[in-house]
Amino acid sequence: MEIESTIKALVSRAIGELYQATVSDESVQVQITRKDLEGDLTVVVFPYLKVSKKGPEQTGSEIGEFLKAHLSAVDSFNVVKGFLNLNLSHQFWIGELNKMVANVDHGFVKPADDSPLMMIEYSSPNTNKPLHLGHIRNNLLGFSLSRIAAVNGFRVVKTNIVNDRGIHICKSMLAWKKWGEGQTPDSTGIKGDHLVGDFYVKFDKEYKQELAQLQAQGLNKDEAESQSQLMKEAREMLLLWEQNDPEVVGIWKMMNSWVYKGFDETYKALGVDFDKTYYESQTYTYGRDMVLDGLEKGVFYRKDDGSVRVDLSSDGLDEKVLLRSDGTSVYMTQDIGTAKLRFDDYAIDKMVYVVGNEQNYHFQVLSLVLDKLGFSWGKDLVHFSYGMVELPEGKMKSREGTVVDADDLVAEMINTAREMSKELGKLDGYSEQEAEAIYRMIALGALKYYMLKVDPRKTMTFNPRESIDFNGNTGPFIQYTYARIQSVFRKAVEKGMTHHDEVGDVALTDKENNLVRMLTSFPTVVSEAAQTYSPALVANYAYDLAKEFNQFYHDSPILFEENDDKRNLRLTLSKTVGQTLKNAMWLLGIEVPPRM
RNA sequence: GGUCCGGUAGCUCAGCUGGAUAGAGCAGCAGCCUUCUAAGCUGCGGGUCAUGGGUUCGAAUCCCGUCCGGAUCACCA
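Residues numbered from 1 in each chain as written. Chains lettered and ligands numbered in written order. Predicted model: local features only at pLDDT ≥ 70, side-chain atom pairs only at ≥ 80, totals over all residues. Heavy atoms only, no water.

Side note on the domain arrangement of chain A
Next up, step 1: Parsing chain A into structural domains produces domain 1 (2–88), domain 2 (122–390) and domain 3 (407–587).
Next up, step 2: For domain 2 versus domain 3, the separation of C-alpha centres amounts to 39 Å.
Next up, step 3: At the junction of the two partners, domain 2 supplies 30 residues and domain 3 supplies 28 residues.
Next up, step 4: The junction of domain 2 with domain 3 conceals about 2500 Å² of combined surface from both sides, 64% of it contributed by carbon and sulfur atoms.
Next up, step 5: Contact with domain 3 buries area across many residues of domain 2, yet Arg137, Arg147 and Ile148 alone supply 22% of it, more than any other trio.
Next up, step 6: Our count for the contact surface shared by domain 2 and domain 3 stands at one salt bridge.
Next up, step 7: Across the salt bridge formed by Lys191 and Asp407, the nearest N and O atoms sit 2.7 Å from each other.
Next up, step 8: Elements represented by at least two residues in the side of domain 2 that touches domain 3 include exactly helix H5 (133–150), helix H8 (192–216), helix H11 (246–270), strand S11 (350–356), strand S12 (382–386) and strand S13 (389–390). (Domains from an automatic or database assignment. Contact = heavy atoms within 4.5 Å. Buried area = accessible area lost by both parts, 1.4 Å probe. Salt bridge = Lys/Arg side-chain N within 4 Å of Asp/Glu carboxyl O. Helix = DSSP H or I, 4+ residues; strand = E, 2+ residues; numbered from the N terminus.)

Quick look at the structure:
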């Protein structure tokens, strides 16, 4: 809020003139006045008691008088304990409202051609299994962060890195080859990513059986693992793949194409997308070259077993393998190559990786390794480390079949939205197609809001029952508030009422005042969300605003208000709230319906 | 064991760059539709902010110790 910095500067001037002391503008504490007290903004005066050598009441009054004399927006003030509560004039707030309604992108700072470029990596799926709940949090966070960055003056490139190679991919390939009997998505009617996932599970099952057999023959666990025939075949397959063996590459291409088609559907259903997709299969060789280059330069070393490693003990970490003794690449190799390629492709000012906090160590190492290789951006990379998603019963475990599949979840939510809407008769008169679009909007609104409203850094609990709740602190509650506002405007047209955005000089009720005040703080929320990488701030703001509006809506007539000026104010206020809710939800990747 | 993260109402979460009487939602109970959408609104009950110290005018918030939970410390990704 602009007014806050004005007040801060004035308070610091007041301290200088009244008490001959110096305080920085920044150090002045201005906060929103508590709801149960009179006032709009509050200055905390405790810090100045030492220099004023007076009591809190008197110091507050003196500063209050100064502000009133020097700032026309200050109407009156009161002092409670050490808090100076300022009442700002209704003319001031109406001026703010008029500015906001005139700017549909209120709070957004659009980037220019020479704005800094931020690349945000998110999603990063493996091609051996379909997307699940954990990926959903990742995708929603990544997408929302991209939008938040884009309205905070960044040019944004959304990027995906597909982990399409490696031993895990070979496992599903091997299983398909051994037991697949030529199955395809078409022949089975199973979505491609799910079909491949089934073979991955099949491999794991057979592998476990083999281990059990070996152990039954008297081998211990480690011995059994090293003697496993299946694992040996998988490793051989990886080697063949890296040597471009035609048969292996053929299977790989075919199965990956199934998976990509499946992923595309899921991404589309979630409403997320990417500007540039990288494939590990195309980047890992760059990483390998860079590691070998580093080896030559003496940044890394080769151990007697043949593996190439980096020693990070001087940074408080351990040594880390960068190339296996058989020469094949590991996860880290690939990330080094991808980073290099990206910085060759784009003039990146800020690189953000949206990856779970289980990989904190990996990114610590990546940052150091890139730095050692001489890349200035190594140290500056941002690992946006988000928390895991758990179920009320605890962690998701594939072995116990508790993994929540992304496609299933979205489909279920849409079903629930459809049933609920039909029961309430909300969309009577809409065509089936129109109604379906809104069911989807509501379902995704519920899911996205549910996942984005919590602090991304924290582990969260996904309660299926709560996630499809449409009441209370939910996405649909906010969507509903928006829909109500649209309904008011439709009614206004029906009644032939005229409305102009510009509001004249009218007194404001407490609720109206609160709403205008909340609206003016939207830009601050948007900017803080970018600085702290937290869509949750936007989500919570949207909820607070919707809640406040519903209270206003409940006890203030809008169209039925007979006084023209008041009615006009309420319409403008409603319009601005609607626009702001829409913008806030857009930042979360959530659409708002005209009706629901 | 080392490192990192967390512990706020029965449950899920806000609040954490120190500020006034710690807030929402869900769940429970009681109300409000002949007025702009009741997917809404109002009220009630519910708290040793894990715990013990410290810093200060003031601590859920900052610092230290303890307890509890999680992540990680792979030639997996």
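Next comes the rest of the account.
Brief notes about the nonpolar core
Next up, step 1: Membership of the largest hydrophobic core comes to 153 residues, with the highest contact counts inside it found for Ile7, Val43, Leu133 and Met451.
Next up, step 2: With 12 residues, the top contributor of residues to this core is helix H16 (residues 432–452).
Next up, step 3: Those residues in contact with Leu133 that lie beyond four places of it in its chain are Val389, Leu391, Met396, Val404, Leu409, Met451 and Phe462.
Next up, step 4: In this structure, Leu117, Val310, Leu312 and Leu341 belong to the second largest nonpolar core, which totals 34 residues. (Core = buried A, V, L, I, M, F, W, Y, C linked by side-chain atoms within 4.5 Å. Buried < 20%, exposed > 50% of the residue type's maximum accessible area, 1.4 Å probe, protein only.)

Thoughts on the environment of Ile251
Next up, step 1: One can find Ile251 in helix H11.
Next up, step 2: Judged by its relative accessible area of 7%, Ile251 is buried.

A short note on the protein's contact with RNA strand B
Next up, step 1: Taken together, the neighbourhood of RNA strand B is formed by 67 residues, with Asp305, Arg324, Lys395, Lys426 and Tyr480 sitting nearest.
Next up, step 2: Each atom of RNA strand B within 4 Å of the protein was classed as base or backbone; sugar and phosphate made up 63%.
Next up, step 3: The separation between a sugar or linking oxygen of RNA strand B and a polar side-chain atom of Asn126 is 3.2 Å.
Next up, step 4: Elements that contribute at least two residues to the surface near RNA strand B include exactly strand S2 (41–44), strand S4 (83–88), helix H6 (167–179), helix H15 (406–424), strand S14 (460–461), helix H18 (475–494) and helix H21 (535–555).
Next up, step 5: Per-class residue counts for the surface near RNA strand B are 27 nonpolar, 21 polar and 19 charged. (Near = heavy atom within 4 Å. Polar contact = N/O pair within 3.5 Å; in protein donor to acceptor, adjacent residues only side chain to side chain. Nonpolar A, V, L, I, M, F, W, Y, C, P; charged D, E, K, R; others polar.)

Overview of the UniProt feature "short sequence motif: 'HIGH' region" (unreviewed entry) in chain A
Next up, step 1: The residues that UniProt annotates with the feature "short sequence motif: 'HIGH' region" (unreviewed entry) are residues 125–135.
Next up, step 2: Its end C-alpha atoms 8 Å apart, residues 125–135 is made of 27% helix and 0% strand. (UniProt positions renumbered as here; feature names shortened; annotations may be inferred.)

Topic: the sheet that holds S11
Next up, step 1: With parallel pairing, five strands are arranged side by side in an open sheet as S7-S6-S5-S11-S12. Sheet topology places strand S7 (276–279) and S12 at the edges, where each strand pairs with a single neighbour. Going across the sheet, the axis of each strand differs from the next one's by a mean of 25°, ignoring polarity.
Next up, step 2: Bridge count between strand S5 (residues 117–121) and S11: four bridges; the pairing is parallel. In the sheet register, Glu121 faces S11, and the bridge partner there is Tyr353.
Next up, step 3: Running at roughly 65° to S7, helix H12 (residues 280–297) makes contact with strand S6 (155–162) and S7 of the sheet. (Pairing = 2+ DSSP bridges. Axes fitted to C-alpha atoms, helices over the stretch in contact; angles between N-to-C directions.)

So, the packing of H12 against helix H13 (residues 331–345)
Next up, step 1: Between H12 and H13, the least distance of the axes is 6 Å, while the angle of their chain directions is 95°. Between H12 and H13, the interaxial angle falls into the category roughly perpendicular. For the pair H12 and H13, the contacting residues are Glu280, Thr283, Tyr284, Tyr286, Gly287, Arg288, Met290 and Val291 in the first and Thr333, Gln334, Ile336, Gly337, Thr338, Lys340 and Leu341 in the second.
Next up, step 2: The class makeup of the residues in the contact of H12 with H13 is six nonpolar, six polar and three charged. (Parallel < 35°, antiparallel > 145°, perpendicular 65-115°, else oblique.)

Digging into unusual backbone geometry
Next up, step 1: For Ser123, which is not a glycine, the phi torsion comes out positive at approximately 80°.
Next up, step 2: Residue position: Ser123 is located in the loop between S5 and H5.
Next up, step 3: Positive phi is not limited to glycine here, since Asn244 has a value of about 65°.
Next up, step 4: Its place among the elements puts Asn244 in the loop between helix H10 (229–242) and H11.

Concerning helix H20 (residues 522–531)
Next up, step 1: Among the residues of H20, Phe522, Val525, Val526, Ala529 and Ala530 are the ones counted as buried. Seen from one end, H20 has its buried residues packed into an arc of 135°, which puts them on one side.
Next up, step 2: On the buried face of H20, the contacting elements are H5, helix H19 (510–520), H21 and helix H22 (564–587).
Next up, step 3: The first or second residue beyond H20 is Tyr533, which carries a positive phi of 50°. (Arc of directions from axis to C-beta.)

Points about the pairing of strand S3 (residues 74–80)
Next up, step 1: Across six bridges, the pairing between S3 and S4 is antiparallel. In the sheet register, Val80 faces S4, and the bridge partner there is Phe83.
Next up, step 2: The hairpin formed by S3 and S4 contains two residues between the paired strands, and Lys81 there has a positive phi angle of roughly 50°.

Some details on the side chain of His383
Next up, step 1: Along the chain, His383 falls in strand S12.
Next up, step 2: Note on His383: relative accessible area 18%, which makes it buried.
Next up, step 3: Within the local environment of His383, its side chain forms a polar contact with the backbone oxygen of Val355, the two atoms lying 2.8 Å apart.
Next up, step 4: A polar side-chain atom of His383 sits 3.5 Å from a polar atom in the side chain of Asn360.
Next up, step 5: Sequence-distant contacts of His383, defined by excluding residues within four places in its chain, comprise Tyr353, Val355, Gly356, Gln359, Asn360 and Phe363.

Points about the confidence of the model for chain A
Next up, step 1: Residues with a pLDDT of 70 or more make up 100% of chain A, whose mean pLDDT is 94.
Next up, step 2: Here the predicted complex carries an ipTM of 0.96, next to a pTM of 0.96. (pLDDT = per-residue confidence, 0-100.)

Details of the environment of Lys320
Next up, step 1: Within the secondary structure, Lys320 sits in strand S10 (residues 319–323).
Next up, step 2: A C-alpha to C-alpha distance of 37 Å links Lys320 and Lys453, two positions 133 residues apart in sequence.
Next up, step 3: Those residues within four positions of Lys320 in sequence are excluded, and the remaining contacts are Val308, Arg309, Val310, Met332, Tyr361 and Val365.

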